[in-house]
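# Remarks on the overall topology
Each chain, letter by letter, is given below.
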2 protein chains.
Amino acid sequence: MNYSRQREIILNTLKEYVVHPTAESLYSKIKEKDPKISLATLYRNLNQLADNGIIKKIDGLEDSAHYDHNTGEHYHFICKKCKRVFDVKPDVAPDLIRKTEDSTGFLIENHDVVFSGVCKDCRESVSN
Amino acid sequence: MNYSRQREIILNTLKEYVVHPTAESLYSKIKEKDPKISLATLYRNLNQLADNGIIKKIDGLEDSAHYDHNTGEHYHFICKKCKRVFDVKPDVAPDLIRKTEDSTGFLIENHDVVFSGVCKDCRESVSN
DNA sequence: TATAAAATAAGAATTACTATCAGTTATGGT
DNA sequence: ACCATAACTGATAGTAATTCTTATTTTATA
């Protein structure tokens, strides 16, 4: 991977998020910094960064993928009301990989745990 | 939900699978029984059956959704070589929901656990 | 600094799925 | 059995997210 100004902007912008944006929502933030950047460039780079293990692509949430700059072991939760994606600590499922490899005989290369429901903020806000 | 011949064919055909097909692959099997059935009818019914808890839609696997007639608690594994989707028993992550609700304060309505890697058959077959 | 490899912008194309709609079928009351 | 109406169907157009194509520009290396 060679250096590119666009890729640097993309990665830095992603790192500003604590929740995990879709490509579209990241795109609007990126365009504030470089209005000329192309949507195809964003997708190309997100895929490249994910392929190289620098970021993580989160599938299975809604219609579109979300992107996460934290590549350490953890899971995700999407709130059905506010649509934000939160992290869940991996200790809710200890030894998940080893247990699953042992019980299935499969070689596990990747895994994802995705929860959906209502986040704390939305539960506490009075209006339904 | 009223009765429909098409829906019965769709559900019965899905039940013939031990692995979990995409809409497209289910469609080719269904057309052997009823060549006139429309792809829109298939998607419409799969969604209806899933909304009514009769089947389960599995997202987050590849580009397209897979469908599972087993609605009991269990997880999934997709083989990167043969692309088949297998079941994983839920006891690899005991008390997952309760633990996650306790540690996050979120209300969890749904969850999915998806593994990918190489299945037993593909590991054992000599050719890479 | 020449050159080859990698990256870009812009827009067309693709994929998986959903919406629309006119015609058909199922169901419940009479 | 007959009818009203609600649910369902096939065909096809439409959509959203993402990928592909191509001509041009950047970056890394000799």
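Values in this document were obtained by computation on a predicted structure and should not be read as measured data.

All right, on to the relation of the copies chain A and chain B then. The two copies are related by a screw motion: chain A maps onto chain B through a turn of 179° and a shift of 0.1 Å along the axis, at an RMSD of 0.2 Å. Both copies of the chain, as the preceding transformation shows, are related through a two-fold rotation axis. Relative to the rotation axis, the C-alpha of G60(A) is the closest in chain A, positioned 1.8 Å from it. Both copies share a contact surface, since 100% of the interface residues of chain A are interface residues in chain B too.

A word on the sheet that holds strand 3 (residues 75-79) of chain B. Strand order in this open sheet of six strands is 4(A)-3(A)-5(A)-5(B)-3(B)-4(B), and the pairing throughout is mixed. Two strands close off the open sheet at either side, each with one partner strand: strand 4 (85-88) of chain A together with strand 4 (85-88) of chain B. Neighbour-to-neighbour, the strand axes of this sheet turn through a mean angle of 25°, independent of strand direction. Relative to strand 4 of chain A, strand 3 (residues 75-79) of chain A runs antiparallel, the two sharing four bridges. Looking at strand 4 of chain A, one finds that H76(A) is bridged to D87(A). Sheet contacts for helix 4 (residues 96-104) of chain A: strand 3 and strand 5 (107-118) of chain A together with strand 4 and strand 5 (107-118) of chain B; angle to strand 5 of chain A, the most-contacted strand, approximately 120°. In this fold helix 4 (residues 96-104) of chain B packs onto strand 4 and strand 5 of chain A together with strand 3 and strand 5 of chain B, with an angle of close to 120° to the strand it touches most, strand 5 of chain B.

Our focus in this paragraph is the domain arrangement of chain A. You'll often see interface size given as the accessible area lost when the parts meet. All names here are of chain A. Assigned domains of chain A: these are domain 1 (5-68) and domain 2 (75-127). On a C-alpha basis, the centroid separation for the pair domain 1 and domain 2 is 21 Å. With ten residues of domain 1 at the interface, the matching set in domain 2 holds nine residues. When domain 1 packs against domain 2, close to 830 Å² is buried across both sides, 61% of that on carbon and sulfur atoms. Among the residues of domain 1 in contact with domain 2, V19, H20 and L61 are the three that bury the most area, contributing 46% of the side total. On the surface where domain 1 and domain 2 come into contact, there are two salt bridges. With a shortest N-O distance of 3.4 Å, D112 and K56 are connected by a salt bridge. Our count for the contact surface shared by domain 1 and domain 2 stands at three residue pairs in polar contact (both at pLDDT 80 or more). Elements with a minimum of two residues in the side of domain 1 that touches domain 2: strand 1 (56-58) and strand 2 (66-68). For the side of domain 1 that touches domain 2, the per-class residue count stands at three nonpolar, three polar and four charged.

Before going further, it helps to examine the protein's contact with DNA strand C. Taken together, 20 residues are adjacent to DNA strand C, and S4(A), Q6(A), T41(A), R44(A) and Y43(B) come closest. Backbone sugar and phosphate groups make up 79% of those atoms of DNA strand C lying within 4 Å of the protein. Within the contact set of DNA strand C, a sugar or linking oxygen lies 2.8 Å away from a side-chain nitrogen or oxygen of Q6(A). Those elements that provide at least two residues to the surface near DNA strand C are helix 1 (5-15) and helix 3 (39-51) of chain A together with helix 3 (39-51) of chain B. Taken together, the residues of the surface near DNA strand C break down into seven nonpolar, ten polar and three charged.

A few words on helix 3 of chain B. All names here are of chain B. Between its first and last C-alpha atoms helix 3 spans 18 Å; for 13 residues at 1.5 Å apiece the expected length is 18 Å, and the two agree. Every buried residue of helix 3 is accounted for by T41, L42, N45, L46 and L49. Looking down the long axis of helix 3, one finds its buried residues gathered within 130° of arc, a one-sided arrangement. For helix 3, the elements touching its buried residues are helix 1 (5-15), helix 2 (23-33) and strand 2 (66-68). Residue S38 occupies the N-cap position of helix 3, its side-chain oxygen lying 3.1 Å from the main-chain nitrogen of A40. Immediately beyond the C-terminal end of helix 3, within one or two residues, lies G53, with a positive phi of roughly 70°.

What follows covers the interface of chain A and chain B. Each side of the interface is counted separately: chain A has 32 residues, and chain B has 32 residues. Both faces combined, the contact of chain A with chain B buries some 2,800 Å², and carbon together with sulfur accounts for 61% of it. Inspection of the chain A/chain B interface yields two salt bridges. For E109(A), the salt bridge is made with K80(B), and the minimal N-O distance between the two is 3.2 Å. In this assembly, chain A and chain B are joined by twelve residue pairs in polar contact (both at pLDDT 80 or more).

Here is what the cut-offs are and how they apply
Residues numbered from 1 in each chain as written. Chains lettered and ligands numbered in written order. Predicted model: local features only at pLDDT ≥ 70, side-chain atom pairs only at ≥ 80, totals over all residues. Heavy atoms only, no water. Least-squares fit on C-alpha atoms with pLDDT ≥ 70 in both. Contact = heavy atoms within 4.5 Å. Pairing = 2+ DSSP bridges. Helix = DSSP H or I, 4+ residues; strand = E, 2+ residues; numbered from the N terminus. Axes fitted to C-alpha atoms, helices over the stretch in contact; angles between N-to-C directions. Domains from an automatic or database assignment. Buried area = accessible area lost by both parts, 1.4 Å probe. Salt bridge = Lys/Arg side-chain N within 4 Å of Asp/Glu carboxyl O. Polar contact = N/O pair within 3.5 Å; in protein donor to acceptor, adjacent residues only side chain to side chain. Nonpolar A, V, L, I, M, F, W, Y, C, P; charged D, E, K, R; others polar. Near = heavy atom within 4 Å. Expected span 1.5 Å × (residues − 1). Buried < 20%, exposed > 50% of the residue type's maximum accessible area, 1.4 Å probe, protein only. Arc of directions from axis to C-beta.

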